[in-house]
Every structure is written in C-alpha cells, then in structure tokens.
Amino acid sequence: MAVDVMEVLADWTNIRRTDRGAMVRTSCILPSGTLLNVSLQPAMDGWIVCDEGSVVADVMAHGLDVEFSMKGLSSKLTRAGLKVEKGKIFSESVSSNELPFMVAFLATESLDASKWLLKNATKKAKRDVAHELEELIDRRYSELRLPEPLSLLGNSSKQYRFENVLLLPSRQRLILDPVTRHDGSIKSRLVANLDVRRANHQGIEQRIVYDSSEGWEQQELTLLSVGAPTVSLSRVSEVIDRMAA
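Conventions used here
Residues numbered from 1 in each chain as written. Predicted model: local features only at pLDDT ≥ 70, side-chain atom pairs only at ≥ 80, totals over all residues. Heavy atoms only, no water. Helix = DSSP H or I, 4+ residues; strand = E, 2+ residues; numbered from the N terminus. Buried < 20%, exposed > 50% of the residue type's maximum accessible area, 1.4 Å probe, protein only. Contact = heavy atoms within 4.5 Å. Areas by Shrake-Rupley, 256 points an atom, 1.4 Å probe, with all protein chains shown as cover. Lys, Arg positive; Asp, Glu negative; His and termini not counted. Charge placed at Lys NZ, Arg CZ, Asp CG, Glu CD. Pairing = 2+ DSSP bridges. Salt bridge = Lys/Arg side-chain N within 4 Å of Asp/Glu carboxyl O. Phe/Tyr/Trp six-rings, centres within 6.5 Å; stacked < 30°, edge-to-face > 60°. Axes fitted to C-alpha atoms, helices over the stretch in contact; angles between N-to-C directions. Parallel < 35°, antiparallel > 145°, perpendicular 65-115°, else oblique. Left-handed = near helix turned anticlockwise from the far one by under 90°. Nonpolar A, V, L, I, M, F, W, Y, C, P; charged D, E, K, R; others polar.

A. Main features of the overall build of the chain. Within the chain one finds 8 helices and 14 strands. A total of 245 residues make up the chain; the buried ones form 48% of that total. In the chain, the share of contacts with a sequence separation of at least 24, taken over all contacts with a separation of at least 6, comes to 60%. In the structure as shown, the chain presents an accessible area of about 12900 Å², 50% of it carried by carbon and sulfur atoms. For the chain, the centre of its 31 positive side-chain charges and the centre of its 33 negative side-chain charges are spaced 4 Å apart.

B. Representation of the pairing of strand S2 (residues 21–29) in the model. Pairing analysis gives 4 bridges linking strand S1 (residues 15–18) to S2, with the strands arranged antiparallel. The partner of Ile15 across the bridge, within S2, is Val24. Hairpin remark: S2 followed by strand S3 (residues 35–43), antiparallel, with 5 residues in the connecting loop; positive phi at Gly33, about 100 degrees.

C. Layout of the pattern of salt bridges. Under the criterion given, the structure shown has 12 salt bridges. Arg189 is paired through a salt bridge with Asp177; the nearest N and O atoms lie 2.8 Å apart. Of this pair, Arg189 sits in helix H6 (residues 183–198) while Asp177 sits in strand S12 (residues 173–178), placing them 12 residues apart in sequence. You'll find Arg189 and Asp177 in the same group, each marked buried. Because the salt bridges share partners, they merge into one network encompassing Arg20, Glu52 and Lys88.

D. Seen up close, the environment of Gly21. Relative to the elements of secondary structure, Gly21 occurs in strand S2. In sequence terms Gly21 and Trp47 are 26 residues apart; their C-alpha atoms lie 9.2 Å from each other.

E. Region of the structure containing the packing of aromatic side chains. Inspection of every chain in the model, using the stated rule, returns 2 aromatic pairs. Their ring planes at 15 degrees and their centres at 5.7 Å tell us that Phe101 and Phe105 sit as a pair that is stacked. With Phe101 and Phe105 both in helix H4 (residues 99–120) and 4 residues apart, this pair spans about one turn of that helix. Overall, Phe101 belongs to the exposed group, its relative accessible area being 54%. Pairing Tyr210 with Trp216 gives two aromatic rings, centres 5.9 Å apart and planes at 65 degrees, and the pair type is edge-to-face. Under the relative-accessibility criterion, Tyr210 is labelled buried at 13%.

F. Quick look at the packing of helix H5 (residues 129–140) against helix H8 (residues 236–244). The N-to-C vectors of H5 and H8 enclose an angle of 45 degrees; their axes lie 11 Å apart at closest approach. It follows from the interaxial angle that H5 and H8 lie oblique. Relative to H8, H5 is oriented so that their crossing is right-handed. Mapping the contact onto sequence places Leu133, Leu136 and Arg140 in H5 and Val236, Ser237 and Asp241 in H8. Residue composition of the contact of H5 with H8, by class: 3 nonpolar, 1 polar and 2 charged.

G. Seen up close, the environment of Leu82. Examined against the element boundaries, Leu82 turns out to sit in strand S6 (residues 82–85). Separated by 32 residues in the primary sequence, Leu82 and Cys50 have C-alpha atoms spaced 9.7 Å apart. When neighbours within four sequence positions are excluded, Leu82 is seen to be in contact with Leu77, Ile89, Phe90, Ser91, Met102, Phe105, Leu106 and Glu109.

It is worth stressing that arrangement in space is one thing and function is another; only the former is reported here.
Below, the structure written as structure tokens:
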C-alpha cells in the first residue's frame, strides 16, 4: 500500500496536498523576500524533494542570466548529493523516514544555491518582462497555461487578447499581463485591464506584471492598479502558488 505523505508529515502545519504529492512551505527566504516552497513527489522506492525551479526563477527575476552558471551549479549540488535539471533542484529518492531531513536539507542547499547564482550569474543587458514572464510560466506552470491566447470583450465592446493566462484549480482564469515602463505600454495595459474588469466577466482574475528593476515610481504603479492589481515579476510565482493552492 502506498504511504500517504500527509501521514508521514502529520505534525507539520506548513504542508498542503497537491495532485502529485504535497507542497511544503519552508522557512528559507529567497533573495526576493519570498519563502521557498518545495514539492514532495512519490517515487518507486520513496520520495523525491524538489524546489520546482523556484531558485533559478528567483535569480532570473533579478535580471540575471543563469545559462552559463548552470554547469557550475550542477557540480556544486552534485557534491551535496542533489541534482539540477531544467532549472529544478531535486533530491534522489529517499525513504519516508528520511523525508523530513531531506526537506530541510534541500531547502538549505537551495538557499545556498540562490546566493551562489546571484554571485556568479551575469547581468543581462536588458530584460524583457514579457519574455521573462513567458519563460517563468513555461518552466513552472506549463500545465496550467491555456493552450491558446484568451480574447475578451471589454465594457466598451472592444476585444482584447491576453497571451499569458492560467487555468487555476478553482477553474478561474488568471490573466498575467506584462507592462513596460513607458507611457504607451502603461496606457494600453491600464485601458485594456480596466475595460475588461468593467465588463464583469465571471471566473476572471487579472494581474498586471511589472519589472521592479526598471525603477517604477509609486504613482505609476498606483495608476496601473486602477486597471488591475499589480505584481512585480519577482513575486509572480508567490502569487500563482497562493492562488493555485
């Protein structure tokens, strides 16, 4: 009989069940200020603990290019008995008895890995928030992404097209609409989101995603929030994880 991870970690209060196993909120704080979550997935002879790409995504959200640092990170993690593939840090299969230790160990090593990447990754010449958002969704939330862009009519009867839309377990559709810090982009994203919000579509959640490294002023973000709540690129994963829980 398969062992239920919720029984193995019955005393833990920071754990929730998922379709593939469970997700644990650790006490490790990533450089962006978010708490690291790790997944627990059943394997043939135990459990695999994984950061689900949180570390790499967090570092990339700081405008860093990790491509040329991944080989060094892999060597570093191998020495600790961990692996990294497709941006995800994960353990070998461990037994139920070893699981609590591995959760703590992987979280600690992942935090160390994030600090190592921040030091060794290179600064990108210029970030493209739309491209970064798309990469994040493809890397961590591809199973939630709608296969086609979503077209919605606004209150003015004008049609708008949104590229980054997730179907949450609650069956709500989450629109993640990227914006850049220039007048044309700010105005277009404000108008589109406000018009759609006023149409009162059922089952629609809207977020405008901005890159905090662009030096946004508070009044600009306040203006955007009239259209939809704003969220920085570095905190998108935190928002999705919370809404998908």
